[in-house]
Amino acid sequence: MQAAPLWDPKKCEFVGILTVTDFIDVLRYYRETGADVATLATRSIADILADEGILRTVLKKVIPARHASTKESGKMNYNADQHSYFLAVDADATLDRACHLLHDQGLDFLPVMLPSDMRVLATISYTCVLEHLVGNFREQRRLFEDTIFDLGIGTYGDDVVVAHSQQTLHEVLRTLHINGLSAVPVVDEQTKKIRGVYSRSDITFLTKASDAEDAVSNLNLTLDVLMAQQRTDVTTPDALHTCSTRHSLQSIFEYFAQWKFNRLIVVDEEERVVGVVSARDLVAYFL
């Protein structure tokens, strides 16, 4: 589970969403400030979300300018703080309405509510929406013969953020946060060739920790060490999948139908990273 709605028993209502990356970012806060991590075990979720030092730094939502719903280009949008309010969609709302809420509010997850008794039926993401689009429109080949590059789907050139395998996890997580990214391609510093992809929600470093202090200490591990520890016997939406600028939207749909990826890393003939196409980019194309 990547995200869960937060219920306030005093208010008897949902008040926000907590994600896996939130927990990881809280550990990063303790690493950056040198605070006593032993105190983390005694703090409730409410205590942490009431800490302005945490809310204004590692839990501050950053939306890349290309995704922000603003006419002022080149600026970051710092709204969409799902820790201080609960934004959801009714189960009888249209998919178009849900997609616009996800996109316009810069959300990663959107709860679906049953209006009659305020139950959360599900939490949808761009990958969920893309699965629906692929299932319903993948056969309409004549609509999707153009390449993803020609259609302007994805991020390319100097706008692509990459990480090197010798960087520490703490450095990479900070880079992901300040750029508002959920994952980053990992490249060889010498050859620039793709080596993998690191997701902000990857909990591999936590599985090797015996306590909170170990978890914080593991933030100093390098990406090559962590990637060597990742499981290879299972396929996750965050696994490395690649394509080229010549791939058509139809072929990407077919690929998604098989692998259910969160993103594709666009590479050239020498396996050097030239772009990234996310599930969000693909959904946004249809809005």
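Every value quoted in this text rests on a predicted model; they were computed, and no experiment measured them.

Participant: So what exactly am I meant to see when it comes to the pattern of salt bridges here?
Facilitator: Two side chains of opposite charge can pair, provided their charged atoms sit close to one another. In total, this model carries 11 salt bridges according to the counting rule given. Taking the shortest distance from any N to any O, the salt bridge between Glu52 and Arg56 comes out at 3.0 Å. Between Asp268 and Arg272 there is a salt bridge whose closest N-O contact spans 3.0 Å. Among the residues examined, Arg272 registers a relative accessible area of 34% and is labelled partly exposed. Beyond isolated ion pairs, a larger network of salt bridges with shared partners links Asp25, Arg28, Glu32 and Arg200.

Participant: How do you make sense of helix H5 (residues 126-137) when you look at a structure like this?
Facilitator: In an α-helix, one turn spans 3.6 residues; hence positions three or four apart end up facing the same way. Helix length check: H5, at 12 residues, gives a terminal C-alpha distance of 16 Å against a target of 16 Å (1.5 Å per residue), a fit within 8%. Within the sequence span of H5, burial applies to Tyr126, Thr127, Val129, Leu130, Leu133 and Val134. Looking straight down H5, one finds its buried side chains confined to an arc of 155 degrees; they lie on one side. Along its buried surface, H5 packs onto helix H4 (95-104), helix H10 (249-259) and helix H11 (279-284).

Participant: What should I look at first to understand the sheet that holds strand S9 (residues 194-199) in this one?
Facilitator: The strands making up a sheet associate through hydrogen bonds between their backbones, and the pairing can be parallel or antiparallel. Pairing is mixed across the open sheet formed by 3 strands, whose spatial order is S7-S8-S9. Each end of this open sheet is capped by a strand with a single partner; those strands are strand S7 (163-164) and S9. Sheet topology note: the strand S8 (residues 183-187)/S9 ladder contains 5 bridges and is antiparallel. When the sheet's bridge partners are listed, Val184 is paired in S9 with Tyr198.

Participant: In this structure, what is going on with the side chain of His177? I would like to understand it.
Facilitator: Within the secondary structure, His177 sits in helix H6 (residues 169-178). Polar contacts involving the side chain of His177 include one to the main-chain carbonyl oxygen of Thr57, which spans 3.4 Å. Of note is the side chain of His177, whose polar atom sits 3.3 Å from the backbone oxygen of Val58. Residues in contact with His177, not counting those within four places in the same chain, are Arg28, Thr57, Val58, Lys60, Val62 and Arg200.

Participant: Hey, could you run me through the nonpolar core in this one?
Facilitator: Side chains of a nonpolar character, in soluble globular proteins, are inclined to be buried together. The biggest cluster of nonpolar side chains holds 31 residues, and the ones touching the most others in it are Leu110, Leu130, Ile148 and Leu282. Looking at this core, the elements with two or more residues in it are H4, strand S4 (110-114), H5, H10, strand S11 (263-267) and H11. No other element matches H5, which puts 5 residues into this core. Excluding residues that lie within four positions of it along the chain, Leu130 makes contacts with Phe253, Phe256, Ala279, Leu282 and Val283. Ile24, Leu40, Val58 and Val186 belong to the second-largest nonpolar core, a separate cluster that totals 30 residues.

About the cut-offs
- Residues numbered from 1 in each chain as written.
- Predicted model: local features only at pLDDT ≥ 70, side-chain atom pairs only at ≥ 80, totals over all residues.
- Heavy atoms only, no water.
- Salt bridge = Lys/Arg side-chain N within 4 Å of Asp/Glu carboxyl O.
- Buried < 20%, exposed > 50% of the residue type's maximum accessible area, 1.4 Å probe, protein only.
- Helix = DSSP H or I, 4+ residues; strand = E, 2+ residues; numbered from the N terminus.
- Expected span 1.5 Å × (residues − 1).
- Arc of directions from axis to C-beta.
- Contact = heavy atoms within 4.5 Å.
- Pairing = 2+ DSSP bridges.
- Polar contact = N/O pair within 3.5 Å; in protein donor to acceptor, adjacent residues only side chain to side chain.
- Core = buried A, V, L, I, M, F, W, Y, C linked by side-chain atoms within 4.5 Å.

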